[in-house]
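The residues making up each chain are set out below.
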Amino acid sequence: MSDTKKMALIASRGTLDWAYPPFILASTAVAMDMEVQIFFTFYGLTLLKKKLDAKVAPHSNPSMPMKMPFGPKSFKNIEWPIPNLISSNLPGFNDVATTLMKKTFKSKGVATVEQLRDICVESGVKLVGCQMTMDVFGFTKDEFIDGVELGGAATFLEFAAEADIQLFV
Amino acid sequence: MSDVQANMELDCRGLNCPLPILKTKKAIETLNTGDVLKMVATDPGSINDMTAWTKRTGNELLSHEESGDEYVFFIRKK
């Protein structure tokens, strides 16, 4: 038996902001010589799609800072108060917020979700898609990136039972 | 510790978590045991992160220095 540490993650959300934690943790854990499995279930399944289309939804997300990624520092630091009435009714608002968040991340030297996911795949993170959720949402395996395995709760729990770290994201 | 000769230099300036760690890992894999990697970052979190990373992976953090907004690390490969 090796003393390799193991980490088991459940990724259950598919928005841009929540796409980061599982891929950041998984890529870093592998860099720290750990063995990692991520179980993608419910909305997290969309993070396995060949073309990642994760967006961010400021609506009903009151703690999300709405800031501009460009301009002088004083302008960038302004917190724009966007009432739910606007964020939920203005067409394309989520696209705008998504673009702003991506720009801000880029300007701060943060990797894209695609980059982090690629690193996870290359470095041998085991990606498991939840078969049940796929059936419910009508996803097929060929919509996902290569190397994804399918399984259910028992698949995750079998790995998680031996893992040193288990997190639900 | 600036008298330590680095076999390789890695520029992680402007990069944020977790990229400095991921790039350091990749770089150290190309080196031989005993070689020294010099890594320069601007992420203030990299001090704790590099300490944790070296502790976990067994590579040796020979030194870390701050100069201005930059953090300079010397790591000896396990």
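- An unreviewed UniProt entry lists chain B under the name Sulfurtransferase TusA family protein, from Caldithrix abyssi.
- UniProt's Sequence similarities (unreviewed entry) comment on chain B is quoted here verbatim: "Belongs to the sulfur carrier protein TusA family."

- Chain A goes by Peroxiredoxin family protein in an unreviewed UniProt entry, where it is assigned to Caldithrix abyssi.

## Observations regarding the overall build of chain A
- Helix and strand counts for chain A come out as seven helices and five strands.
- Ordering the α and β elements of chain A from the N terminus gives β-α-β-α-α-α-α-β-α-β-α-β.
- Its C-alpha atoms give chain A principal-axis dimensions of about 55 × 35 × 25 Å.
- Relative to its full complement of 169 residues, chain A shows a buried share of 40%.
- In chain A, once contacts between residues fewer than 6 apart in sequence are set aside, the share between residues at least 24 apart is 75%.
- On chain A, roughly 9,400 Å² of surface is accessible, and the fraction owed to carbon and sulfur atoms is 59%.
- Taking the average place of the 17 positive charges on the side chains of chain A and the average place of its 18 negative ones, the gap between the two points comes to 11 Å.

## Considerations on the sheet that holds strand β5 (residues 165-168) of chain A
Residues and elements named next belong to chain A.
- What the five strands build is an open sheet, ordered β4-β3-β2-β1-β5; its pairing is parallel. Pairing within the sheet leaves two strands with one partner each, and these edge strands are β4 (149-151) and β5. Neighbour to neighbour, the strand axes of the sheet diverge by 20° on average, direction disregarded.
- Of the pairings in the sheet, the one linking strand β1 (residues 6-11) to β5 comprises four bridges and is parallel in character. Each residue of the ladder has a partner; that of Leu9, found in β5, is Leu167.

## A short note on the nonpolar core
Residue and element names in this part refer to chain A.
- With 59 residues, the main nonpolar core has Ile38 and Phe40 as its most contacted residues.
- The greatest single-element share of this core, amounting to nine residues, is contributed by helix α1 (residues 16-31).
- Judged by nonpolar contacts, the second largest core, of nine residues, contains Ile10, Val128, Cys130 and Ala160.

## Considering the side chain of B:Ser46
- Looking at where B:Ser46 falls in the secondary structure, it is placed in helix α2 (residues 46-57).
- Those residues in contact with B:Ser46 that lie beyond four places of it in its chain are B:Ala41, B:Tyr71 and B:Phe73.

## Some thoughts on helix α7 (residues 153-160) of chain A
Residue and element names in this part refer to chain A.
- Along α7, the positions that sit buried rather than exposed are Phe156, Phe159 and Ala160. Each buried residue of α7 sits inside an arc of 100° when the element is viewed along its axis, so together they form one side. With respect to the buried face of α7, the exposed residues turned more than 90 degrees away are Ala154, Leu157 and Glu158.
- The inward-facing, buried residues of α7 contact β1, β2 (35-40) and β5.

## What to know about the sheet that holds strand β1 (residues 8-12) of chain B
Residues and elements named next belong to chain B.
- Strand order in the open sheet formed by four strands is β1-β2-β4-β3, with mixed pairing between adjacent strands. Among the strands making up the open sheet, the edge pair consists of β1 and β3 (60-67). With direction set aside, neighbouring strand axes in the sheet form an average angle of 15°.
- As defined by bridge partners, strand β2 (residues 36-41) adjoins strand β4 (residues 70-76) across six bridges and the pair is classed as antiparallel.

## Topic: the packing of α1(A) against helix α4 (residues 93-107) of chain A
Residues and elements named next belong to chain A.
- Packing of α1 against α4 brings their axes to within 11 Å, and their N-to-C directions diverge by 40°. Put simply, α1 runs oblique to α4. Where α1 abuts α4, its residues Leu16, Asp17 and Tyr20 lie against Thr98, Met101, Lys102 and Phe105.
- Across the contact of α1 with α4, the residue classes tally to four nonpolar, one polar and two charged.

## Description of a nonpolar patch on the surface
- Among the surface-exposed residues, A:Ile78, A:Trp80, A:Ile82, A:Leu85, A:Ile86 and A:Leu90 lie close enough to one another that they form a single nonpolar patch of about 520 Å² accessible area.
- Judged by relative accessible area, A:Leu90 falls into the partly exposed class, the value being 47%.

What counts, and at which threshold
Residues numbered from 1 in each chain as written. Chains lettered and ligands numbered in written order. Predicted model: local features only at pLDDT ≥ 70, side-chain atom pairs only at ≥ 80, totals over all residues. Heavy atoms only, no water. UniProt positions renumbered as here; feature names shortened; annotations may be inferred. Helix = DSSP H or I, 4+ residues; strand = E, 2+ residues; numbered from the N terminus. Buried < 20%, exposed > 50% of the residue type's maximum accessible area, 1.4 Å probe, protein only. Contact = heavy atoms within 4.5 Å. Areas by Shrake-Rupley, 256 points an atom, 1.4 Å probe, with all protein chains shown as cover. Lys, Arg positive; Asp, Glu negative; His and termini not counted. Charge placed at Lys NZ, Arg CZ, Asp CG, Glu CD. Pairing = 2+ DSSP bridges. Axes fitted to C-alpha atoms, helices over the stretch in contact; angles between N-to-C directions. Core = buried A, V, L, I, M, F, W, Y, C linked by side-chain atoms within 4.5 Å. Arc of directions from axis to C-beta. Parallel < 35°, antiparallel > 145°, perpendicular 65-115°, else oblique. Nonpolar A, V, L, I, M, F, W, Y, C, P; charged D, E, K, R; others polar. Patch = residues over 30% accessible without salt bridge, like charges linked within 9 Å, V, L, I, M, F, W, Y side chains within 5 Å. Salt bridge = Lys/Arg side-chain N within 4 Å of Asp/Glu carboxyl O.

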